[in-house]
Amino acid sequence: MADINAEDSLTKSEEVHFRVMRIVEESPSITQREISAKLGISLGRVNYCINALAEKGLVKIENFKTSETKWRYVYVLTPSGIAEKAALTGRFLARKVREYEALSAEIEALRLTSKSDGSPPEAY
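Not measured: the values here are computed from a predicted model.

## Brief notes about the overall build of the protein
- The number of helices and strands found in the protein is four helices and two strands.
- Helices and strands in the protein line up, N terminus first, as α-α-α-β-β-α.
- Taken over 124 residues, the protein has a buried fraction of 27%.
- Put simply, 52% of the contacts in the protein that link residues at least 6 apart link residues at least 24 apart.

Below, the structure written as C-alpha cells:
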C-alpha cells in the first residue's frame, strides 16, 4: 500500500470546504440550498461551512437585491481563499491518485487470480 503523507491527506471537513469553494468559484450567486443539493449534505452543514470559510477570510459574503422584497447573497473567494483552494486541490488530487492506483492494483490482482484458477470473477 502507498505511503500516506500527512501533508497530502484531507480531513472530511477540509474536503467539504474544498468542494464548497469549487462550487462558489464556479457559481458565486448559487444558493446554500443548491450547494446542499449538489453535494448531498445538509443545508445546515453548508451554512456552517460557508460561515467558517467567511470567518477564516477565505470567502466574502455580499448581499445583493434580486427584487423589491428579497435579498440574495453572492459568495466570492478572497485572494487567500483562492490560495487555500489551490493547496486543497493539490492534496485532493494526490489522494485521488493514490486511491486510483490502489484500485487499479486490486483490479489487476483480481484479474490475475481469476485467470490462474480458471473461474470467472465473482460479482459483488
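## Let's talk about helix 3 (residues 43-55)
- For helix 3, with 13 residues, the first-to-last C-alpha span of 18 Å sits near the 18 Å given by 1.5 Å per residue.
- For helix 3, every residue scored as buried is listed here: Val46, Cys49, Ile50, Ala52 and Leu53. All buried residues of helix 3 project into a common sector of 160° when viewed along the axis, lining one side. Away from its buried face by more than 90 degrees, helix 3 exposes Tyr48 and Glu55.
- At the C-terminal side of helix 3, Gly57 shows a positive phi close to 80°.

## Some points on helix 1 (residues 12-26)
- An ideal rise of 1.5 Å per residue puts 21 Å on 15 residues; helix 1 measures up with 21 Å between its terminal C-alpha atoms.
- Those residues of helix 1 that sit buried are Glu15, Val16, His17, Phe18, Val20, Met21, Ile23 and Val24.

## Overview of the packing of aromatic side chains
- Enumeration according to the criterion identifies one aromatic pair in this entry.
- Ring centres 4.8 Å apart and planes at 35° place the aromatic pair Phe18 and Phe92 in the tilted group. Taken together, the residues Phe18 in helix 1 and Phe92 in helix 4 (residues 79-117) connect sequence positions 74 residues apart.
- Among the residues examined, Phe18 registers a relative accessible area of 2% and is labelled buried.

About the thresholds
- Residues numbered from 1 in each chain as written.
- Predicted model: local features only at pLDDT ≥ 70, side-chain atom pairs only at ≥ 80, totals over all residues.
- Heavy atoms only, no water.
- Helix = DSSP H or I, 4+ residues; strand = E, 2+ residues; numbered from the N terminus.
- Buried < 20%, exposed > 50% of the residue type's maximum accessible area, 1.4 Å probe, protein only.
- Contact = heavy atoms within 4.5 Å.
- Expected span 1.5 Å × (residues − 1).
- Arc of directions from axis to C-beta.
- Phe/Tyr/Trp six-rings, centres within 6.5 Å; stacked < 30°, edge-to-face > 60°.

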